[in-house]
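# Fold and contact review
So the chains spell out like this:
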Amino acid sequence: MSGFQIRFKEPTPNRVLIADDDPVMTHMLTTILKQQHCQPVVANDGREAYRILQSDSRFKAAILDMSMPFLEGLDIIHYMRSERRLRRIPIMMITAEQNIKLMTDSFSAGATAFLPKPFTPEQLESAVRLLIGSQNRRRAN
Amino acid sequence: MLVEQVARLSNERNGRLAKATGSITNDILDVATLRAFEKVESEDGSDFVIELIDLYLETTPPRIQAIRKAAFEKEWAVLKHIAHTIKGSSSTLGLHRVAQVCQELEATSLSSSDVVGGLVKALESRFVEAREALMAERKRRLQ
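Here's a quick rundown of the structure.

Basis of the calculations
Residues numbered from 1 in each chain as written. Chains lettered and ligands numbered in written order. Predicted model: local features only at pLDDT ≥ 70, side-chain atom pairs only at ≥ 80, totals over all residues. Helix = DSSP H or I, 4+ residues; strand = E, 2+ residues; numbered from the N terminus. Buried ≥ 20, exposed ≤ 12 C-beta atoms within 10 Å, placed from the backbone. Contact = placed C-beta atoms within 7 Å. Nonpolar A, V, L, I, M, F, W, Y, C, P; charged D, E, K, R; others polar. Pairing = 2+ DSSP bridges. Right-handed = clockwise from strand over helix to strand, strands pointing away. Axes fitted to C-alpha atoms, helices over the stretch in contact; angles between N-to-C directions. Core = buried A, V, L, I, M, F, W, Y, C linked by C-beta atoms within 7 Å.

## Observations concerning the overall build of chain B
- Each helix and strand in chain B was counted, giving six helices and zero strands.
- With 143 residues in all, chain B has 31% of them scored as buried.
- A separation threshold of at least 6 residues defines the contact pool for chain B, and within that pool the share at least 24 residues apart is 52%.

Here's what the structure looks like:
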């Protein structure tokens, strides 16, 4: 019996997919997410985000820029909502667009939250907390 | 709804910020907007605002050059996309005059080369102003 050990399962990190082609924004998002004890995974455009999502679904949330080269944020939402393994992941759209239609289009496509640029660190932190919380609440129900 | 909660939190925060910072806003650089990022802790313990300034000053000039090239080659979709990207980071850092001219580039019908050329020149000169303001803020933070 001397080899008996209790092992606790490693806590799953809050992995968050970030897709944005602006290095200023990705640096801002990754730093703030790390402060929130999240593990960011960065895609520098829509195509890279799509490739990551094809083989990896272990995300607590996704933050997508609306306007990206190759594939737009809305294209990624449509893909994520059409794949069963990705459907549970809450998605936040961020955009510098001031067109209200884009917000309604995002929600219609399946976005969970919408954060217009410019945003402050507090706004992003609150949004991330709510976004990750929304998945935890969904799991609890 | 999630979006309403975020909007409420941000309005409360903006109200507090306005009271705290008074009138240190100017046209070229809204210092209060930039300094809101002071509370973010950089991974290596350095000044996060300086990191953002350096990254913006490193990545924006090639984008402006790409806008000029796109204008010359009449690649309007490329031009509008790059203007949109610069607008996002500029407005987030409080560089509203740069963001405003990018907004105009995005919104213009692009039918007139003169109009586009004028807006590209305006973007270049506003970026020079923005760079000076950011460098002054950077210097102040290092003192």
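## Examining the overall build of chain A
- Within chain A one finds five helices and five strands.
- Secondary structure of chain A in N-to-C order comes out as β-α-β-α-β-α-β-α-β-α.
- Across the 141 residues of chain A, 45% fall into the buried class.

## Observations concerning the interface of chain A and chain B
- With 28 residues of chain A in contact, the opposing surface of chain B contributes 29 residues.
- Contributing elements (two or more residues each) for the side of chain A that touches chain B: helix 1 (23–35), strand 5 (113–116) and helix 5 (121–140) of chain A.
- Considering every element that reaches the side of chain A that touches chain B, the biggest residue donor is helix 1 of chain A, with nine residues.
- Looking at side-chain class alone, the side of chain A that touches chain B contains 14 nonpolar, nine polar and five charged residues.

## So, the pairing of strand 3 (residues 61–65) of chain A
Residue and element names in this part refer to chain A.
- The element strand 3 is extensively covered by neighbouring structure, given that five of its five residues are classed as buried.
- Taking every second residue as pointing to the same face, both faces of strand 3 are buried, with A61, I63 and D65 on one and A62 and L64 on the other.
- With four bridges joining them, strand 1 (residues 14–19) and strand 3 adopt parallel strand pairing. Note that in strand 3 the partner of A19 across the bridge is L64.
- In this structure, strand 3 lies alongside strand 4 (residues 91–95), joined through four bridges in parallel fashion. Among the inter-strand pairings, L64 is bridged to a residue of strand 4, identified as M93.
- As for the winding sense of the linkage, the β-α-β connection from strand 3 through helix 3 (residues 73–82) to strand 4 is right-handed.

## A closer look at the sheet that holds strand 3 of chain A
All names here are of chain A.
- Ordered in space as 2-1-3-4-5, the five strands form an open sheet in which the pairing is parallel. Of all strands in the sheet, those bounded by a partner on one side alone are strand 2 (38–43) and strand 5. Neighbour-to-neighbour, the strand axes of this sheet turn through a mean angle of 20°, independent of strand direction.
- Running over the sheet, helix 3 touches strand 1, strand 3 and strand 4 and is turned about 150° from strand 3.

## A word on the nonpolar core
- Counting 71 residues, the largest nonpolar core has A62(A) and M92(A) as the members making the most contacts within it.
- What M92(A) contacts, discounting residues up to four positions off in sequence, is A61(A), I63(A), A111(A), T112(A), A113(A), L115(A), A127(A) and L131(A).

## Focus on the environment of E58(B)
- Along the polypeptide, E58(B) turns up in helix 3 (residues 48–72).
- For the pair formed by E58(B) and L79(B), sequence separation is 21 residues and the distance between their alpha carbons is 19 Å.

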